[in-house]
Amino acid sequence: MLQANEIARRFQHLQATIDEAQRACQASQDAPQEIRSCIDRLSQEYRQAQPVMASNDQTRIAAAVDKLEDMGDEAKRLSRANPQVAPQVEAAVKRVHDELSDFKHKLH
């Protein structure tokens with residue numbers, strides 16, 4: 001199980017990764033709307049999870065990260081399913097997914 005300071009550090013890094021994916025989607029005129037929407041929902045869910053991360057309640061933190069990771073899985077699936085996705089969008093979505101997956105596995 002991760003310590004509280006490591007959870008906070010990883011959660012802050014996650015915000016930067018999600019922001020990067022949003023910027024990549026905005027910069028790419030070819031980014032499909034479903035991927036943009038998925039990343040936007042992920043960003044919104046991230047903001048809603050902020051109080052949970054500050055709570056030091058390991059069960060709630062794990063549940064919040066699990067939900068975010070499921071959303072990251074969906075974004076990656078959408079990205080892979082669409083061959084027209086720009087490489088920078090695909091790479092940013094993959095980074096979000098990988099960060100969430102690693103975070104989840106280290107929490108459990």
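The structure under discussion appears in the preceding block.
Attention here is on the structure that accompanies the text. A quick note: this is a predicted structure, and the numbers were derived from the prediction, not measured.

### Focus on the overall build of the protein chain
Here is step 1 of the chain: Secondary structure summary: the protein chain contains 4 helices and 0 strands in total.
Here is step 2 of the chain: Each helix (α) and strand (β) of the protein chain, taken in turn from the N terminus, gives the series α-α-α-α.
Here is step 3 of the chain: Relative to its length of 108 residues, the protein chain is compact, with a C-alpha radius of gyration of 14 Å against a globular reference of 13 Å.
Here is step 4 of the chain: Its C-alpha atoms give the protein chain principal-axis dimensions of roughly 40 × 20 × 15 Å.
Here is step 5 of the chain: Within the protein chain, the fraction of its 108 residues that count as buried is 45%.
Here is step 6 of the chain: Once local pairs closer than 6 in sequence are excluded, the contacts in the protein chain between residues at least 24 apart make up 74%.

### Considering the packing of aromatic side chains
Here is step 1 of the chain: Counted under the stated rule, the structure contains 1 aromatic pair.
Here is step 2 of the chain: Each ring, one from F11 and one from Y46, has its centre 4.2 Å from the other, and the planes form 15°; the classification is stacked. Of this pair, F11 sits in helix α1 (residues 4-27) while Y46 sits in helix α2 (residues 33-53), and the two are 35 residues apart along the sequence. Y46 shares its class with F11; the two are buried.

### Points about the environment of H13
Here is step 1 of the chain: Along the polypeptide, H13 turns up in helix α1.
Here is step 2 of the chain: By relative accessible area, H13 is classed as partly exposed at 38%.
Here is step 3 of the chain: For H13 and A24, which are 11 residues apart along the polypeptide, the C-alpha to C-alpha distance reads 17 Å.

### A closer look at the environment of R95
Here is step 1 of the chain: Mapped onto the elements, R95 comes out in helix α4 (residues 87-107).
Here is step 2 of the chain: Separated by 50 residues in sequence, R95 and E45 have C-alpha atoms that sit 17 Å apart.
Here is step 3 of the chain: With sequence-adjacent residues up to four places away left out, R95 is seen in contact with T17 and E20.

### Here's the deal with the side chain of S79
Here is step 1 of the chain: If you trace the backbone, S79 turns up in helix α3 (residues 58-81).
Here is step 2 of the chain: Exposure remark for S79: the relative accessible area of 3% places this residue in the buried category.
Here is step 3 of the chain: With residues up to four places along the chain from it excluded, the contact list for S79 reads I35, V85, E90 and V93.

### A look at the pattern of salt bridges
Here is step 1 of the chain: Counted under the stated rule, the structure contains 9 salt bridges.
Here is step 2 of the chain: The shortest N-O distance in the salt bridge between E6 and R9 comes to 2.7 Å. Here R9 and E6 lie together in helix α1, a separation of 3 residues that amounts to about one turn.
Here is step 3 of the chain: In this structure, R77 and E74 form a salt bridge, with 2.7 Å as the shortest nitrogen-oxygen distance. Of the two residues, R77 and E74 both sit in helix α3, 3 residues apart, roughly one turn of that helix.
Here is step 4 of the chain: A relative accessible area of 47% means that R77 is categorised as partly exposed.
Here is step 5 of the chain: Given a relative accessible area of 30%, E74 falls into the partly exposed group.
Here is step 6 of the chain: What you see here is one network of salt bridges that share partners, running through R10, E99, D102 and K106.

Definitions and cut-offs
- Residues numbered from 1 in each chain as written.
- Predicted model: local features only at pLDDT ≥ 70, side-chain atom pairs only at ≥ 80, totals over all residues.
- Heavy atoms only, no water.
- Helix = DSSP H or I, 4+ residues; strand = E, 2+ residues; numbered from the N terminus.
- Rg over C-alpha atoms; globule rule 2.2 N^0.38 Å.
- Buried < 20%, exposed > 50% of the residue type's maximum accessible area, 1.4 Å probe, protein only.
- Contact = heavy atoms within 4.5 Å.
- Phe/Tyr/Trp six-rings, centres within 6.5 Å; stacked < 30°, edge-to-face > 60°.
- Salt bridge = Lys/Arg side-chain N within 4 Å of Asp/Glu carboxyl O.

By themselves, these observations are geometric and do not establish any function.
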